Amino acid sequence: MHDEKQIIERCLKQDRLAQKQLYDLYSGRLFVVALRYMKDEDEAQDVLQDAFIKVFKYLDTFRADSPIEVWLRKIVVNTALKALKRKSNLTLALDGDHMINHEYHHQNLGFENLSLQHLLKMIGDLPEGCRTVFNLYAIDGYKHNEIADMLGVTEGTSKSQYSRAKGLLQEKLRNGVLDIKPQNVE
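It should be emphasised that the depicted structure is a prediction, and the values quoted were computed from it without experimental measurement.

Participant: A description of the overall build of the chain should follow, citing residues and the corresponding values.
Facilitator: When you go through the chain residue by residue, the secondary structure sums to eight helices and zero strands. Listing each helix as α and each strand as β along the chain from the N terminus yields α-α-α-α-α-α-α-α. Classification of the 186 residues of the chain by burial places 38% in the buried group. With the model as given, the accessible surface of the chain reaches about 11100 Å², and the carbon-plus-sulfur share is 49%.

Participant: Kindly report on the nonpolar core, identifying the contributing residues and their values.
Facilitator: Grouped together as the largest cluster of nonpolar side chains are 45 residues, with contacts concentrated most on Tyr 37, Met 38, Ile 68, Trp 71, Val 77 and Leu 136. With ten residues, helix 4 (residues 68–87) is the largest single contributor of residues to this core.

Participant: Break down a negative patch on the surface for me, citing the residues and quoting the values.
Facilitator: Together, Asp 40, Glu 41, Asp 42, Asp 46 and Asp 50 give the surface a local cluster of negative charge. With respect to the helices, strands and loops of the structure, Asp 50 is situated in helix 3 (residues 41–58). For Asp 50, a relative accessible area of 32% gives the class partly exposed.

Participant: Before we move on, can you summarise the packing of helix 2 (residues 16–37) against helix 4 with the specific residues and values?
Facilitator: Running from amino to carboxyl end, helix 2 crosses helix 4 at an angle of 35°, the nearest separation of the two axes being 9 Å. The handedness of the crossing between helix 2 and helix 4 is right-handed. Within the contact between the two elements, helix 2 uses Tyr 26, Arg 29, Leu 30, Val 33, Ala 34, Arg 36 and Tyr 37 and helix 4 uses Ile 68, Glu 69, Leu 72, Arg 73, Val 76, Val 77, Ala 80, Leu 81 and Leu 84. Across the contact of helix 2 with helix 4, the residue classes tally to twelve nonpolar, no polar and four charged.

Participant: Pulling in residues and values, what's your account of the packing of aromatic side chains?
Facilitator: Taken as a whole and judged by the stated rule, the model has five aromatic pairs. Geometrically, the ring pair formed by Phe 52 and Phe 56 is tilted, given 5.8 Å between the ring centres and 40° between the ring planes. You can see Phe 52 and its partner Phe 56 sitting in helix 3, four residues apart, about one turn around the helix. Residues Phe 62 and Trp 71 carry aromatic rings whose centres are separated by 5.4 Å and whose planes lie at 50° to one another, so their mutual orientation is tilted. Accessibility assignment for this pair places Phe 62 and Trp 71 in one class, buried.

Participant: Could you give an account of the packing of helix 2 against helix 3, naming the residues involved and the relevant values?
Facilitator: Interaxial distance between helix 2 and helix 3 falls to 9 Å at its minimum, and their mutual angle equals 135°. Our classification of the angle between helix 2 and helix 3 gives oblique. Regarding helix 2 and helix 3, the two cross each other, and that crossing is right-handed. In this structure, helix 2 contributes Gln 19, Leu 22, Tyr 23, Tyr 26, Ser 27, Leu 30, Phe 31, Ala 34 and Leu 35 to the contact, and helix 3 contributes Glu 41, Ala 44, Gln 45, Val 47, Leu 48, Phe 52, Val 55 and Phe 56. Split by residue class, the contact of helix 2 with helix 3 holds 13 nonpolar, three polar and one charged.

The rules we used
- Residues numbered from 1 in each chain as written.
- Predicted model: local features only at pLDDT ≥ 70, side-chain atom pairs only at ≥ 80, totals over all residues.
- Heavy atoms only, no water.
- Helix = DSSP H or I, 4+ residues; strand = E, 2+ residues; numbered from the N terminus.
- Buried < 20%, exposed > 50% of the residue type's maximum accessible area, 1.4 Å probe, protein only.
- Areas by Shrake-Rupley, 256 points an atom, 1.4 Å probe, with all protein chains shown as cover.
- Core = buried A, V, L, I, M, F, W, Y, C linked by side-chain atoms within 4.5 Å.
- Patch = residues over 30% accessible without salt bridge, like charges linked within 9 Å, V, L, I, M, F, W, Y side chains within 5 Å.
- Salt bridge = Lys/Arg side-chain N within 4 Å of Asp/Glu carboxyl O.
- Lys, Arg positive; Asp, Glu negative; His and termini not counted.
- Charge placed at Lys NZ, Arg CZ, Asp CG, Glu CD.
- Axes fitted to C-alpha atoms, helices over the stretch in contact; angles between N-to-C directions.
- Left-handed = near helix turned anticlockwise from the far one by under 90°.
- Contact = heavy atoms within 4.5 Å.
- Nonpolar A, V, L, I, M, F, W, Y, C, P; charged D, E, K, R; others polar.
- Phe/Tyr/Trp six-rings, centres within 6.5 Å; stacked < 30°, edge-to-face > 60°.
- Parallel < 35°, antiparallel > 145°, perpendicular 65-115°, else oblique.

The structure is reproduced here in structure tokens:
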């Protein structure tokens, strides 16, 4: 097993081999994070690349008071959010039909029996705003007030987008709507 601390120290000295080792250790998991926010694999790959450029540029600010993977995930999430804002596709404004006024609790959404590919596809098919808030709240663990600050919206909008995303996902589960095309096996 690679010694993370040693790899980080070598990365700080601009050791290219160590940078590749760090990338190889985390790029797979971080790509999945980027893919949850972006519409396709190319956009997710761009986010991952941009995130690792930031990682190597700001690695000296990593304080090691939490695992490096937590720090890396935050960089990927922030890079994805900036990419979405640049594209100007992140629309969280809702019409009156989607304003839901009730308590927000983590509920069993019925995802236990889905493969990661199916779950990513379902999340990826959500409208951009719903997908972003769902990822931030349900998967990455941010609170609605934090999401509101990150996205420049109200806390109510964050809650409403989460509720709408949850409803859309539950509807897909009830209706068995999974537009996954089988992969070609050669």
